[in-house]
Amino acid sequence: MLPLLLLLAGRGHAQPANRDREIEPPALTRQVPLHFKRHNFQALCYDSVGCTVVYNGHQQVRQADGKASPPKPVGGNGNAWGSTELGIRNFPGPVEVRWQSKDGTAHEASVDIGRIFRDELVWHAVPREKMTDFHAGPVAGAPDIYLEVDDRTINVYTAMFIPTQDEQIPGNKDSNFRKDIFLVWSRTYR
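## What about empty space enclosed by the protein?
- Under the defined criterion, the tally for this structure stands at 2 cavities of 30 Å³ or more.
- For the second largest cavity, the calculated volume is near 30 Å³.
- As for the second largest cavity, its lining consists of Trp-123, His-124, Ala-125, Val-126, Met-160, Ile-162, Arg-178, Lys-179, Asp-180 and Phe-182.
- Of the residues contributing to the lining of the second largest cavity, the split by class is 6 nonpolar, 1 polar and 3 charged.

## Digging into the nonpolar core
- Judged by nonpolar contacts, the single largest core of 34 residues is most densely connected at Val-111, Leu-147 and Ile-154.
- Listed by contribution, the elements that provide at least two residues to this core are β2 (38-46), β3 (48-55), β6 (95-101), β7 (106-111), α3 (113-116), β8 (144-150), β9 (153-159) and β12 (181-188).
- Those residues in contact with Leu-147, other than ones at most four positions away along the chain, are Phe-41, Gln-42, Ala-43, Leu-44, Val-53, Val-95, Val-97, Val-111, Ile-154, Asn-155 and Val-156.
- Listed in part, the 6 residues of the second largest apolar core include Leu-44, Tyr-46, Tyr-146 and Ala-159.

## Re the packing of aromatic side chains
- Applying the stated criterion across every chain, the model contains 6 aromatic pairs.
- A ring pair is formed by Phe-36 and Phe-91, whose centres lie 6.2 Å apart and whose planes are at 85°; its orientation type is edge-to-face. Taken together, the residues span a long stretch of sequence, with Phe-36 in the loop between α2 (27-31) and β2 and Phe-91 in the loop between β5 (85-89) and β6 at a distance of 55 residues.
- In this structure Phe-36 comes out as buried when scored by relative accessible area, which is 1%.
- Relative to Phe-177, the ring of Phe-161 lies with its centre 4.7 Å away and its plane at 20°, an arrangement referred to as stacked. Taken as a pair, Phe-161 in the loop between β9 and β10 (162-163) and Phe-177 in strand β11 (residues 177-178) lie far apart in primary sequence, 16 residues in all.
- Here the aromatic residues Phe-36, Phe-91 and Phe-117 are joined through ring pairs into a cluster of three or more.

Conventions we followed
- Residues numbered from 1 in each chain as written.
- Predicted model: local features only at pLDDT ≥ 70, side-chain atom pairs only at ≥ 80, totals over all residues.
- Heavy atoms only, no water.
- 1 Å grid on protein atoms, 1.4 Å probe; cavity = no way out; pocket = protein on both sides within 12 Å on 5 of 7 lines; lining within 4 Å.
- Points joined across faces, edges and corners; volume = space filled by probe spheres on them.
- Nonpolar A, V, L, I, M, F, W, Y, C, P; charged D, E, K, R; others polar.
- Core = buried A, V, L, I, M, F, W, Y, C linked by side-chain atoms within 4.5 Å.
- Buried < 20%, exposed > 50% of the residue type's maximum accessible area, 1.4 Å probe, protein only.
- Helix = DSSP H or I, 4+ residues; strand = E, 2+ residues; numbered from the N terminus.
- Contact = heavy atoms within 4.5 Å.
- Phe/Tyr/Trp six-rings, centres within 6.5 Å; stacked < 30°, edge-to-face > 60°.

What follows is the structure, encoded as structure tokens:
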């Protein structure tokens, strides 16, 4: 009788609501504020079925209904990333995402990139004294914004090419830059 009572007691509880996880930028992002007015964008889908992503009026990803995407490469965060759309003026509207998680549950999401990056700050971890002079005024380049669908979770990352005075790989004259990837926002959908 006790197992039946425990089973019945659990039936009335709703699953926890979807929750945004906003991450604070590195301290140097606020200490050395670099602002952007344009950005690049790419979307990738992992461990999902029929994933479609629309941003800036363009289909960034379109998988056929019933087509499964591969699992995320182990330890390969950023290895498959480049930007598929360049120079997007801040901010055209939310990213619209539709997909099924691995268990077949259908999901729809509207991810407001403009709200996530409302301060238009370039996330970085480079001290001003280590940067070259590019940092005066608005940034000439544009940060990359990546949206990743991974089963039930959507993650938003950013990265920016930051020129540095010193080689980041000693002896490699072409390594005078940093392009760190930062997780900016995440939500797991129930």
